[in-house]
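# Residue-level structure breakdown
Listed here are the chains, written in short residue letters.
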Amino acid sequence: MGRRKKMQKRRERKKPEDQNNEKRGSYKDIVKGNEGFEKYYKSQNLCSDSEFSQFMQTMLQDLPAAFRITSCRGQEKGLLRCIQEKLDAGKIDAFALPWYPNKLAWQLNMSRRDIRRTEANFQLHNFLVGETEAGFVSRQEVVSMIPPLALDVHPHHTVLDMCAAPGSKTAQLIEALHRDGDAIPSGMVVANDADNKRCYMLVHQAKRLNSPCLLVTNHDASAMPNFQLVKDGKERVLKFDRILCDVPCSGDGTLRKNPDGWVKWHPGNGNNLHGMQYRILKRGAEMLQVGGKLVYSTCSYNPVENEAVVARMLLESDGALTLAEIQLPGLKSVPGLTKWTPMSKNLEPYDSFEQVPELVHTQMRPQFFPPSEDVASTLNLTRCLRILPHLQNTGGFFVAVLEKNKFLPWESANRVCESPGEESQEQEEGTAAPAMKKRKIFGFKEDPFFYLAEDDETWPSIRDYYKINSKMFPSVLLARTLEGRKKNIYMTNETVKDVVTLNQDKLKIINTGVKVFSRCSVDDMTCDYRLAQEGLPSIQALITDRIVQVRKEDMIKLLENDSGTLPPKIEEFSADLYEKLKDFKMGSCVLEYKDDQLEFHLVGWRGKVSARVYIAKSERIHFLRLLAADVSKFEVNKFENRSDLAAAEELEIPQDPKE
């Protein structure tokens, strides 16, 4: 009998009362606390006895909300001014995180639930939701921001995020890639997740940043296939400069925001995950470049999921991997443990594997136990960081940075390990591995990606219409269909193009590229494609025609008009803009705004008698805020319907443990 049929029969056998018990109850009815949790972590000596009561008291409190300003969209200074104005007016109660660069991360003195459920905060809620949707803000737990910072990504790096969904850390990695203000850096971020459905959540989150350097894949991280890449004219196996292993974990560091996890907690949760966590870390180490950095992180306090996994990897690497110091001035943490006491699911402690009864050997493995004192001193486990909630009123987290100094014992310069469990195959140094058997693809099968040929008939009309600089080659543009008219045209950088072209047959690619052109056939137009706002930052510097400079009052008028059918006529604008538009040919264009403090470019449309901006509502409100315009007409107070509020108050949606 197939697995699907077995699951169906199991659901059918459930009693009605069992099904009712599975329904989520009221948030108010959740009992916070767990005696087993307290016993387990008191024995691990995460902190001093005098601090432990403070640790537990903080664990029972709601988690403060936090958000981060996107650093690569060019409007961070304007958003900081908006936030400072709200602080001065007493509209928000927040502070900048002292350890996050340039005051771009903020912690609120209220929980996410307080923001959603309090009428006094409805404007703050609208601000956070709207700016997040537009991609200028990310709502993210404070401790979740640490691993990407510790990875120290630069624009030329190839970066792999092995367990990326839902994508807030991936967004940080993309921002780091664009840190120098380059719209098209040479590096790339590969965001992978094993869960097909969560991959699409990841796409939604990461695509808000509109980067041409992102590739989303769907693979089991512990068996990630090798990537091929052309380097120095030869096809080679790609080794990544930076790798993030934010592995699946028991998630007890998130209990402050997911209190329904208290009743489910027991040590067996962490014990059961150790093996998978180690396999993901091992595969990450294999795919890492010599001289590269790997961050291993979890949202768990459990040393079996943290130090035990790191120590096991360090010992098996035989000196190829070492722990590095993490420097984030202002961040309060405790060092990694060198001793811990594993326990069975029933909270039975064991000091060594020899004490474990044979019947429990399936639950407790030798690798769960700490190394001897002499060995532990050589591993420098104290260089790991553990974030405890009472230190800075946050969630819990564990972070370790590993540096690769040489090849792992089971790999070498002339060997490549295709995936764990497979025998390494000899080959000539620096060349690609022999062809492997094609892997079976599970889940939804995406359409293939086709890059435009140099002589593609679509390109000349686009190039000539917008007078695009000759530095831009059509070979980095792609579509999802090979024949017929292309609905949308996307863009990647050269590195992503090489990876997609050489690996499309063996990788399950979910998404890549940023949309730069969209088909829009209109009479009297010589080009069938309009510009797309998503890709405008990537190509704006290469466009030399159809650019209109717009003054503040005219830009506000354009942004305030939210009618898709009645855009303002060109006679309604200032004399300056009217003169620019009256002889301007109909079609897509770039609207440019610039003053002493602010500069941005928007996709516009010159109609027969009118003009309008071609952007989403959330972005429209964002730019109005930056221009200090009135956005009250867009504000929605959901509390006006009290019956809806009362119904919503009864239920609370748990947050993603990885966020």
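Summary of the structure given here.

Cut-offs and rules
Residues numbered from 1 in each chain as written. Predicted model: local features only at pLDDT ≥ 70, side-chain atom pairs only at ≥ 80, totals over all residues. Heavy atoms only, no water. Axes fitted to C-alpha atoms, helices over the stretch in contact; angles between N-to-C directions. Helix = DSSP H or I, 4+ residues; strand = E, 2+ residues; numbered from the N terminus. Parallel < 35°, antiparallel > 145°, perpendicular 65-115°, else oblique. Left-handed = near helix turned anticlockwise from the far one by under 90°. Contact = heavy atoms within 4.5 Å. Phe/Tyr/Trp six-rings, centres within 6.5 Å; stacked < 30°, edge-to-face > 60°. Lys NZ or Arg CZ within 6 Å of the ring centre and 35° of its normal. Salt bridge = Lys/Arg side-chain N within 4 Å of Asp/Glu carboxyl O. Buried < 20%, exposed > 50% of the residue type's maximum accessible area, 1.4 Å probe, protein only. Pairing = 2+ DSSP bridges.

## Digging into the packing of helix α11 (residues 268–286) against helix α12 (residues 307–317)
- Remark: α11 packs on α12, axes separated minimally by 10 Å, with the N-to-C direction vectors making an angle of 45°. Classed by the angle they form, the pair α11 and α12 counts as oblique. Judged by the sense of rotation from one axis to the other, the crossing of α11 with α12 is right-handed. Here His 274, Gln 277, Tyr 278, Leu 281, Lys 282 and Ala 285 of α11 come into contact with α12, specifically with Ala 308, Val 309, Val 310, Arg 312, Met 313 and Glu 316.

## Some details on the packing of aromatic side chains
- Counted according to the given criterion, the structure contains 21 aromatic pairs.
- Counting every residue linked through ring pairs, the aromatic cluster contains Phe 37, Tyr 40, Tyr 41, Phe 52, Phe 55, Trp 262, Trp 265 and Tyr 301.
- For Arg 73, the ring lying beneath its charged end belongs to Phe 136, and the centroid distance is 4.2 Å.
- Here the guanidinium or amino end of Arg 612 rests over the ring plane of Tyr 614, the centre of that ring lying 4.9 Å away.

## Thoughts on the pattern of salt bridges
- In the structure shown here, the tally under the stated rule is 22 salt bridges.
- Two residues, Lys 169 and Asp 246, come together in a salt bridge whose shortest N-O distance is 3.1 Å. Residue Lys 169 is located in helix α9 (residues 168–177), and its partner Asp 246 is located in strand β10 (residues 240–246); the two are separated by 77 residues in the primary sequence. Asp 246 carries the same exposure label as Lys 169, and that label is buried.
- Between Lys 339 and Glu 373 there is a salt bridge; the shortest N-O distance is 3.5 Å. Residue Lys 339 is located in the loop between β13 (334–335) and α13 (373–379), and its partner Glu 373 is located in helix α13; the two are separated by 34 residues in the primary sequence.

## Observations concerning the pairing of strand β26 (residues 599–606)
- Within β26, seven of the eight residues are buried, which leaves the element mostly enclosed by the surrounding structure.
- Note: strand β25 (residues 587–594) against β26, eight bridges, orientation antiparallel. Its bridge partner being in β26, Tyr 593 is matched across the sheet by Phe 600.
- Remark: four residues form the turn of the hairpin made by β25 and β26, two consecutive strands paired antiparallel.
- Relative to strand β27 (residues 611–613), β26 runs antiparallel, the two being bridged by three bridges. By the bridge assignment for β27, Trp 605 is matched with Arg 612.

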